[in-house]
Amino acid sequence: MLLEDLVRLHGELVSRGAAVAPAGMAWRKVRGRVAIDPAGRLLGILPGDYSGDEPAETLAPAPPVRSANIAAALLCDTAAYLLGHSPKGDARAAEKFEASRRLHREALGGVAEAAPLLAFLDSWDPARAPSVTAVAESPVDLDGAFLEFCLVDADGAVRDLLDTEGVKEALERRSCQRGGGAYTDLVTGEPCEPLRVHPKAPALAGPGEKAAPVVGCNIESAQSWGASQGYLSPMARPTAERYSAALDWLLKDGCHSLRLGEATFVWWADGEADASVAPAVADALRGQGAADVDADAGGAPLHVACLSSKYARVQLRWYETVTWDDARDSLGRWEGCFGGRVPSAFSILKALERPGEKAPATRCQDAASLVGALVVGGPWPRTLTQRAAAMASAGDIGPTVAGTLAASALSTRKESGMETDDLLCPADPAYRAGCIFAILEGLQKAAQGRLAAPVRTRYMAGAAKSPARVLPTLVATAQAHLKKLSRTKPGLAAFYESALSEAVAAGPVPLTMDAAASWRFYVGYYRQRDQLYRPAGDGADPEAEEVPAG
């Protein structure tokens, strides 16, 4: 189960010392600090630590999930909660401060290091906050900014309350509280009081989308047996915080995540293997090839998940556990279809984009199916095959279109249980027709040079549907091309005549072809073209003159 594996990953990350938030903690962008002296008096509001123009992320107690409710957070919150003050006149600021005061008394009562903070909260009057110099002249914009409490000793040294042993122990005890009750934690199997609203995953939300929790949704149709939201998947707060922190860590690391429009992919390997396997997966999905890793790492479990977020709902598209050896075999399956290296997932989707439509990377189902095929061995997406076939029929053929058609044929043959070694070969009439067309195209170009309407533009769509009606005419015309070429380049003419004779003599071509046979035609065309020609130089213009490889 994904959540169980994420909780286990969180434990591994904490033991490795990774920058992951421990249970009960979260990364917050703190813009300022509310400085208090040992007597509990407000000294001022200090600027927080910044990284460039943005405040640096700081570990702080995890905040509650809020909508319209009043829910306070420990030690780090907005000015409305910590000071009862809002520059824009929040009518509930006094109520928020009172909620914060109650929470801090409950959580930190009896902690000696927190005595100055509790004294401040007991003596502070939110009504006079606007008239206090420290608040009125704050160097920090208090409108919605996160602030945290800090202590200033008599010698002027600033101390973070989270660095004191007493506060640390109090927070650790609080983070381990499971509540007991009639529910059983879905992950740990222990009795618990379920968290009604789970932490949100803002990194999954697209532009303009609201962040949503991974577990639970507030809609009536999702209710079951009187349970709703987090009660449908009961988990204690510590469990939810652990899986949420692990997922957040994955989403922030480019070696462990990839976003394609509305689809987001995360992956990780168990134990020490993650250090070499995760970057290898990232490179493969970005078109850098499948790298070799240590034998032990290659056999370690590799977890891959596809999630999407839309309309404030998070959906798990699929979750698979394989090994890197399995993933590399899956990638190797498709490499021959794309000429030795599989392009990046995004470039495949982009190349198969229909003119005028939304970028294909935003089509979640296409992206989910494609990455599933590349990494976990799923079938090649049928929607991408249909697009490639339509583009090829219109004469719009490129390496990605040809590779997609070849990959589809390979996938179809595997699904039907047929051998893949003889998947596409000259013995197949449709494939052979494509080879013949590639030879005829090259011969025309060698004899006539560049034309405004070459044979590919005029005849390819027809040849892909009815090769026996189109190819005889082109073969007859090729005799004139051979005669002309023999006068200027006899060696090249002999090369083309030999290639054409061998392809034509191999057997007849179909009178008509269905969609599957047309795909094999295009694959044969592009493979024959790749075999016969090579670019004149690295980085050459694809329209530049080509030289036969033989």
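**Q** Explain the overall build of the chain to me, using residue names and the numbers behind them.
**A** Looking only at helices and strands, the chain has 19 helices and 16 strands in total. By residue count, 49% of the 550 residues in the chain fall in the buried class. As presented, the chain carries roughly 25600 Å² of accessible surface, and 51% of it is formed by carbon and sulfur atoms.

**Q** Before we move on, can you summarise the nonpolar core with the specific residues and values?
**A** Core analysis: the biggest nonpolar cluster contains 90 residues, and W267, W324, L374 and W380 have the highest contact counts within it. The next biggest cluster of nonpolar side chains, apart from the first, holds 37 residues, and it includes I36, A99, L142 and L151.

**Q** Before we move on, could you go through unusual backbone geometry and cite the residues and values that matter?
**A** Phi at L75 takes a positive value of approximately 65°, unusual for a residue other than glycine. Within the secondary structure, L75 sits in the loop between β5 (57-61) and β6 (76-78). On the accessibility criterion, L75 (4% relative accessible area) is buried.

**Q** Tell me about helix α7 (residues 237-252), residues and numbers included.
**A** For α7, spanning 16 residues, the distance from its first C-alpha to its last is 22 Å, which sits close to the expected 22 Å at 1.5 Å a residue. With respect to burial, α7 is a largely interior element, 12 of its 16 residues being buried. Listing the buried residues of α7 in full gives P238, T239, A240, E241, Y243, S244, A245, A246, L247, W249, L250 and L251. Along its buried surface, α7 packs onto α1 (2-16), α6 (165-175), β11 (257-260), β12 (263-269) and α8 (274-285).

**Q** So what about the pattern of salt bridges? Which residues, and what values?
**A** Scanning all chains against the criterion turns up 20 salt bridges. In this structure, the salt-bridge partner of D122 is R105, at a minimum N-O distance of 2.6 Å. Residue D122 is located in helix α4 (residues 115-123), and its partner R105 is located in helix α3 (residues 93-108); the two are separated by 17 residues in the primary sequence. If you follow the salt bridges from partner to partner, you end up with R33, D49 and E148 in one network.

**Q** Requested: an account of the side chain of E241, with residues and values cited.
**A** Residue placement: E241 occurs in helix α7. We classify E241 as buried; its relative accessible area is 9%. Apart from residues no more than four positions distant in its own chain, E241 is found in contact with A23, G24 and A62.

**Q** So what's going on with the packing of aromatic side chains? Which residues, and what values?
**A** In this description, an aromatic ring pair is defined by two values, namely the gap between the centres and the angle between the planes. Evaluation of the coordinates by the stated rule reveals 11 aromatic pairs. Ring centres 6.2 Å apart and planes at 45° place the aromatic pair F265 and W318 in the tilted group. Note that F265 is positioned in strand β12 and W318 in strand β14 (residues 313-323), a separation of 53 residues in sequence. In terms of burial, F265 and W318 fall into one category: buried. Clustering of aromatic rings is evident, with ring pairs tying together F437, F521, Y522, Y525 and Y526. The ring of F146 is capped by R28, whose NZ or CZ atom sits 4.1 Å from the centre of that ring.

**Q** If you had to explain the environment of A305 to someone new, which residues and values would you point to?
**A** When you line up the elements, A305 lands in strand β13 (residues 301-310). It is 8.3 Å that separates the C-alpha atoms of A305 and T264, two residues lying 41 residues apart in sequence. Not counting residues up to four positions away in its chain, the partners in contact with A305 are L2, T264, F265, V266, L316, W318 and Y319.

**Q** Give me the packing of α3 against α4: which residues, what numbers.
**A** Remark: α3 packs on α4, axes separated minimally by 10 Å, with the N-to-C direction vectors making an angle of 150°. Here α3 is positioned roughly antiparallel relative to α4, judged by the angle of their axes. Taken as a pair, α3 and α4 cross one another with a handedness that is left-handed. Contact residues: F97, R101, H104, R105 and L108 in α3; L117, L118, L121 and D122 in α4.

**Q** Describe in detail the sheet that holds β13, supporting the description with residues and values.
**A** Within the open sheet, the four strands sit side by side as β11-β12-β13-β14. Their pairing is antiparallel. Looking at which strands have only one partner, the edges of the open sheet turn out to be β11 and β14. This sheet shows a mean twist of 15° between the axes of neighbouring strands, independent of strand direction. Pairing analysis gives four bridges linking β11 to β12, with the strands arranged antiparallel. Bridge pairing links R259 to T264 in β12. Where α8 meets the sheet, it contacts β11, β12 and β13, and its direction lies at approximately 150° from that of β12.

**Q** An account of the confidence of the model for the chain is needed here, citing residue identities and associated values.
**A** Considering every residue of the chain, the mean pLDDT works out to 82; 88% of them sit at 70 or more. The element-level mean pLDDT for the chain is lowest in strand β16 (residues 547-548), coming to 48, with α4 highest at 93. Scored below 50 in pLDDT, residues 416-423 makes seven contacts in the model with residues more than four places away or belonging to other chains. Scored below 50 in pLDDT, residues 536-547 shows 15 contacts in the model against residues more than four places distant or in partner chains.

**Q** Tell me about α3, and name the residues and values.
**A** With 16 residues, α3 should reach 22 Å at 1.5 Å per residue; the first-to-last C-alpha distance of 22 Å fits that figure. Regarding α3, the residues found buried are A93, K96, F97, A99, S100, R101, L103, H104, A107 and L108. Along its buried surface, α3 packs onto α2 (79-82), α4, β7 (146-152) and α6. Backbone geometry just downstream of α3 places G110 in the positive-phi region, at approximately 90°.

Rules used in this analysis
Residues numbered from 1 in each chain as written. Predicted model: local features only at pLDDT ≥ 70, side-chain atom pairs only at ≥ 80, totals over all residues. Heavy atoms only, no water. Helix = DSSP H or I, 4+ residues; strand = E, 2+ residues; numbered from the N terminus. Buried < 20%, exposed > 50% of the residue type's maximum accessible area, 1.4 Å probe, protein only. Areas by Shrake-Rupley, 256 points an atom, 1.4 Å probe, with all protein chains shown as cover. Core = buried A, V, L, I, M, F, W, Y, C linked by side-chain atoms within 4.5 Å. Expected span 1.5 Å × (residues − 1). Contact = heavy atoms within 4.5 Å. Salt bridge = Lys/Arg side-chain N within 4 Å of Asp/Glu carboxyl O. Phe/Tyr/Trp six-rings, centres within 6.5 Å; stacked < 30°, edge-to-face > 60°. Lys NZ or Arg CZ within 6 Å of the ring centre and 35° of its normal. Axes fitted to C-alpha atoms, helices over the stretch in contact; angles between N-to-C directions. Parallel < 35°, antiparallel > 145°, perpendicular 65-115°, else oblique. Left-handed = near helix turned anticlockwise from the far one by under 90°. Pairing = 2+ DSSP bridges. pLDDT = per-residue confidence, 0-100.

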